[in-house]
Amino acid sequence: MSLSDGSQQRAPAMGHDRVSPLGQEPEHRTVSAMIHVEEVGDGIFAFIQRDGSWYLNNAGIIPERKLSYFVDSAATVNRTKVIIEEARRLGVGDRVGMIATHHHGDHTNGNATIDPTFIVAHASVPAEMAQGFAVPPPGLFNDVDWGEIVVRQPDVVFERELDLQIGERLVRVLHFGRPAHTLGDAVVYFPQDHVLFAGDLAFNGGTPFALMGSVQGWLDTLVALRALEVTVVVPGHGDPCGMDVFDGIERYLRFVLELAGNALREGVSPLEAAVNTDLGDFAQWHDSERIVGNLHRAMAELSGASPGSPINIQTAFVDMLKYNGGPLRCFA
Ligand SMILES: [Zn+2]
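The sections below set out a description of the structure shown in this document.

Reading the values: rules and limits
Residues numbered from 1 in each chain as written. Predicted model: local features only at pLDDT ≥ 70, side-chain atom pairs only at ≥ 80, totals over all residues. Heavy atoms only, no water. Helix = DSSP H or I, 4+ residues; strand = E, 2+ residues; numbered from the N terminus. Buried < 20%, exposed > 50% of the residue type's maximum accessible area, 1.4 Å probe, protein only. Areas by Shrake-Rupley, 256 points an atom, 1.4 Å probe, with all protein chains shown as cover. Lys, Arg positive; Asp, Glu negative; His and termini not counted. Charge placed at Lys NZ, Arg CZ, Asp CG, Glu CD. Core = buried A, V, L, I, M, F, W, Y, C linked by side-chain atoms within 4.5 Å. Contact = heavy atoms within 4.5 Å. Pairing = 2+ DSSP bridges. Axes fitted to C-alpha atoms, helices over the stretch in contact; angles between N-to-C directions. Expected span 1.5 Å × (residues − 1). Donors = N, O, S within 2.8 Å, 3.2 Å for Na, K, Ca; no water. Tetrahedral: all angles 85-135°; square planar, octahedral: opposite > 155°, others 65-115°. Polar contact = N/O pair within 3.5 Å; in protein donor to acceptor, adjacent residues only side chain to side chain. 1 Å grid on protein atoms, 1.4 Å probe; cavity = no way out; pocket = protein on both sides within 12 Å on 5 of 7 lines; lining within 4 Å. Points joined across faces, edges and corners; volume = space filled by probe spheres on them. Nonpolar A, V, L, I, M, F, W, Y, C, P; charged D, E, K, R; others polar. Left-handed = near helix turned anticlockwise from the far one by under 90°.

Here's the deal with the overall build of the chain
A tally of helices and strands in the chain yields ten helices and 13 strands. Overall size of the chain, expressed as C-alpha extent along the three principal axes, is 60 × 45 × 40 Å. Out of the 332 residues in the chain, the part that is buried amounts to 60%. A total accessible area of about 12900 Å² is found for the chain, and carbon and sulfur atoms account for 51% of it. Looking at charge distribution, the chain has the averaged site of its 24 positive side-chain charges lying 3 Å from that of its 42 negative ones.

Things to note about the nonpolar core
Proteins that are soluble and globular tend to have nonpolar side chains buried together. With 64 residues, the main nonpolar core has Phe246 and Phe317 as its most contacted residues. At the level of secondary structure, the elements contributing two or more residues to this core comprise β11 (187-190), β12 (195-203), α6 (215-226), α7 (245-266), α8 (270-275), α9 (290-302) and α10 (313-324). Counting residues per element, this core draws most heavily on α7, at ten residues. Once residues lying within four places of it in the same chain are set aside, the contact partners of phenylalanine 317 are Trp54, Leu140, Phe209, Leu211, Met212 and Leu328. Formed by 23 residues, the second largest nonpolar core is a distinct cluster that contains Phe118, Val171, Val173 and Phe197.

Some thoughts on the sheet that holds strand β13 (residues 232-237)
Here we have five strands laid out as an open sheet, ordered β9-β10-β11-β12-β13, and mixed in their pairing. Where the open sheet ends on each side, the last strands, each with one partner, are β9 (161-166) and β13. On average, each strand axis in the sheet is inclined to that of its neighbour by 25°, with strand direction left out of account. Taken together, the six bridges between β9 and strand β10 (residues 169-174) define a ladder with antiparallel strand orientation. Pairing of isoleucine 166 across the sheet is with arginine 169, part of β10. On the sheet, α7 packs against β12 and β13 and is oriented at approximately 25° with respect to β12.

Brief notes about α6
Taking 1.5 Å of rise per residue, the twelve residues of α6 would be expected to cover 16 Å, and the 17 Å separating its terminal C-alpha atoms lies within 8% of that figure. Residues of α6 that are buried include every one of Val215, Gly217, Trp218, Leu219, Thr221, Leu222 and Leu225, and no others. As for α6, its buried residues are in contact with β11, β12, α7 and α9.

Overview of the coordination of the zinc ion
In this structure, His102 (NE2), His104 (ND1), His181 (NE2) and Asp200 (OD) serve as the protein donors to the zinc ion, at separations of 2.1 to 2.2 Å. Classification of the site at the zinc ion rests on its four donor atoms, whose angles at the metal span 85 to 171°, yielding the label irregular. Summarised as a motif, the one-chain spacing of the donors to the zinc ion is H-x1-H-x76-H-x18-D. Pair check on accessibility: histidine 102 and histidine 104 agree, each one buried.

Digging into the side chain of serine 73
Locating serine 73 in the fold gives a position in the loop between β5 (68-71) and α2 (77-89). Judged by its relative accessible area of 0%, serine 73 is buried. Polar contacts involving the side chain of serine 73 include one to the main-chain amide nitrogen of glycine 110, which spans 3.1 Å.

With respect to empty space enclosed by the protein
By the definition in use, this model includes one cavity of 30 Å³ or more. Each pocket or cavity is described by its volume, and for the largest cavity that value is around 50 Å³. Together, Asn58, Ala59, Val71, Asp72, Thr101, Phe197, Ala198, Gly199, Val234, Pro235 and Gly236 line the largest cavity. For the lining of the largest cavity, the residue count by class is six nonpolar, four polar and one charged.

As for the pairing of strand β3 (residues 44-49)
Looking along a regular strand, one sees the side chains alternate between the two faces of the sheet. Across the six residues of β3, six count as buried, placing the element largely inside the fold. When strand β2 (residues 35-41) meets β3, the two strands line up antiparallel, connected through six bridges. Within the sheet, the bridge partner assigned to glutamate 38 lies in β3 and is alanine 46. Between β2 and β3, which pair antiparallel in sequence order, lie two residues; one of them, glycine 43, sits at a positive phi of approximately 75°. Examined bridge by bridge, β3 and strand β4 (residues 59-62) share three bridges and lie antiparallel to one another. Bridge pairing in β4 places phenylalanine 45 opposite isoleucine 61.

Section: α2
For α2, built from 13 residues, the straight-helix expectation of 18 Å at 1.5 Å per residue is met to within 8% by its first-to-last C-alpha distance of 18 Å. Restricting attention to buried positions, one finds in α2 the residues Val77, Arg79, Thr80, Val82, Ile83, Glu86 and Ala87.

Some words on the layout of surface pockets
By volume, the largest pocket amounts to about 810 Å³. Of all the elements in the fold, those that place two or more residues in the lining of the largest pocket are α3 (105-108), α5 (125-129), β12, α9 and α10. When residues of the lining of the largest pocket are assigned to their parent elements, the largest contribution, five residues, is made by α10.

Brief notes about the packing of α7 against α9
Between two packed helices, the angle of one axis relative to the other and the distance separating the axes together describe the packing. Look at α7 against α9: their axes get within 9 Å of each other, and the N-to-C directions meet at 65°. Crossing of α7 against α9: the hand is right-handed. Taking contact as the criterion, the partners of Tyr252, Phe255, Val256, Leu257, Leu259, Ala260, Gly261, Ala263 and Leu264 in α7 are, on α9, Arg290, Ile291, Asn294, Leu295, Ala298, Met299 and Leu302. Looking at the contact of α7 with α9 residue by residue, the classes come out as 13 nonpolar, two polar and one charged.

Rendered as structure tokens:
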């Protein structure tokens, strides 16, 4: 990823590029919450919500005559309804399956609204979802109309790999055996099409967030990700891009580890370390307050906590609020 111009990286768009009604909402949402659908492979559609900041996630729609698939849903009922509208327009019928890239509410809150026949996810996801953070506590983010969120758990879980047949096409759902962004990060790989839905293992234009996973685990996971033959990456947040999106993520995660090591040697807290740090190029990515959560995770790991082990998430978020000087910016 090139950080030099501060912009998101673009892959060549295929097919149409259509702005949906929610994308034309007034007020502060106009620029930041634009929704569009992009054909990223033959008959493989990415549902993109700009600018990809907190809770503005991407989803996937793969229409197929007998059984269509969604990759993830959205954070709010209203946004999920737009996914459903777009899916209908693309020819998706009543029989649908869903692949969940991980448990976070921006990717799963709309599951019950879509109401698929079944949901596939990594085996860690049910317990992660059961922790009950689907809708964040009041005061953490600025006001969001979430709608009536009903948590819908996965029906089928897998450990390392699950192969699906979608029409003529082989689709591999992969977990790389270690925590990274969360414990249960799955990617959806279309080997014949060289397309990868990376979930939140890829942020394009936003700050990676490892608080609920592992900084070192994410770095290790990048090695496995790079072994895949991929032309188009659909990140969990931000515009579709190429595999070089992982270069910026690697650079950032190494930066976090180095800061964490220094903070431990100097005996300063994650918040102090973050406040005293110049983020440099990384400040151009949105949601830069994630540095605080990332330091909480990295410092725990360097102090001997095993990757992905429970740490105090609440303390980390309170520190992120302090760093940010108020509720976190959310356009969902
Ligand atoms: Zn996430």
